[in-house]
Amino acid sequence: MSPRRLVGLYPAAWRDRYGEEFLALLEESRPTGIALVDIAWGAVDAHLFPQAPEGRFRMFTRLAGLAALGVGLILVLGALNIGFGNPEQNAIRVSAIYTLACIGLVGIHLRQVAVRPALAWLGFVACALGLGTGAITFALGLAGALPPSSGEAGFHADIALWLGTAVLGGTMLAIGLFPWPVGLAFAVGAPLAMIGLAISLTATPPATLEFLALTGIVLNGLGWFGAGLSLLAAQPRGGVLTPQT
């Protein structure tokens, strides 16, 4: 789609105020792939919320922020064993984590990709692969094709998930668009959570390992929570095409 047609997706009042600047930006750097999705969401947002200050304030970014907040809350409550006491509740919890984390991850990526594209894609792909591996293994477990949380497949799924999360945290720190405690919580929390893998291999795990594993999960939860707050507080001109400076 041509830059002029992309600008034409936005309402007239928005085009009158921001159209020329946005068109010049599109002509200078032709968006592709996920950036086009963000532009489309921005157009919907501009039509639904024309009163939003300083132009479009991405609807999907707000949705992703809420999703990331949900991931953080569920992870922390699960680690503290609050509200998830039976297998059915745990199945709902894990399903919600994977679903919301995917939405939150896309929002994180949209927020970073214009600033440092290579690093943003590295963190996105690594975490997406980890989430995908874990989700597929979990689904197979629910279907009875695999043990839900044990065995070699579950072990490798956990490894992929936490490695992907650690890489995401490292790239977030390097890009610097999110507050540094958010990236640090991911980067440090994931290796600590991986200690939980060692726990699953021992009949009587040491209390220290259990504590470190729970600490890692809580840190990851706080990381998602912080990412969600950052996405919700993002300024209208920050994001894929016009990053904050």
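About the cut-offs
Residues numbered from 1 in each chain as written. Predicted model: local features only at pLDDT ≥ 70, side-chain atom pairs only at ≥ 80, totals over all residues. Heavy atoms only, no water. pLDDT = per-residue confidence, 0-100. Helix = DSSP H or I, 4+ residues; strand = E, 2+ residues; numbered from the N terminus. Contact = heavy atoms within 4.5 Å. Polar contact = N/O pair within 3.5 Å; in protein donor to acceptor, adjacent residues only side chain to side chain. Patch = residues over 30% accessible without salt bridge, like charges linked within 9 Å, V, L, I, M, F, W, Y side chains within 5 Å. Areas by Shrake-Rupley, 256 points an atom, 1.4 Å probe, with all protein chains shown as cover. Salt bridge = Lys/Arg side-chain N within 4 Å of Asp/Glu carboxyl O. Expected span 1.5 Å × (residues − 1). Buried < 20%, exposed > 50% of the residue type's maximum accessible area, 1.4 Å probe, protein only.

Once that is clear, we can look at the confidence of the model for the chain. On average, the chain scores 79 in pLDDT, and the residues at 70 or more come to 77%. Between the elements of the chain, mean pLDDT differs from a low of 74, seen in helix H3 (residues 34-48), to a high of 87, seen in helix H6 (residues 117-142). The model gives residues 53-57 a pLDDT under 50, and that stretch makes 21 contacts with residues more than four places away or in other chains. Below a pLDDT of 50 lies the segment residues 236-245, which in the model reaches 39 contacts outside its immediate sequence neighbourhood of four places, other chains included.

Looking at the element boundaries, Thr171 is found in helix H7 (residues 151-175). One polar contact links the side chain of Thr171 to the main-chain carbonyl oxygen of Leu168, over a distance of 2.8 Å. Residues within four places of Thr171 in sequence aside, it is in contact with Leu119, Leu122 and Gly123.

This part covers a nonpolar patch on the surface. A cluster of nonpolar side chains, contributed by Leu173, Trp180, Leu184 and Val188, occupies part of the molecular surface with about 380 Å² of accessible area. The biggest single contributor to the nonpolar patch is helix H8 (residues 180-200), with 3 residues. As for its placement among the helices and strands, Leu184 is situated in helix H8.

Okay, H6 next. Over its 26 residues, H6 runs 37 Å from end to end, which matches the ideal 38 Å to within 8%, given 1.5 Å per residue. Buried residues of H6: Ala120, Gly123, Phe124, Ala126, Cys127, Gly130, Leu131, Gly134, Thr137, Phe138 and Gly141, and no others.

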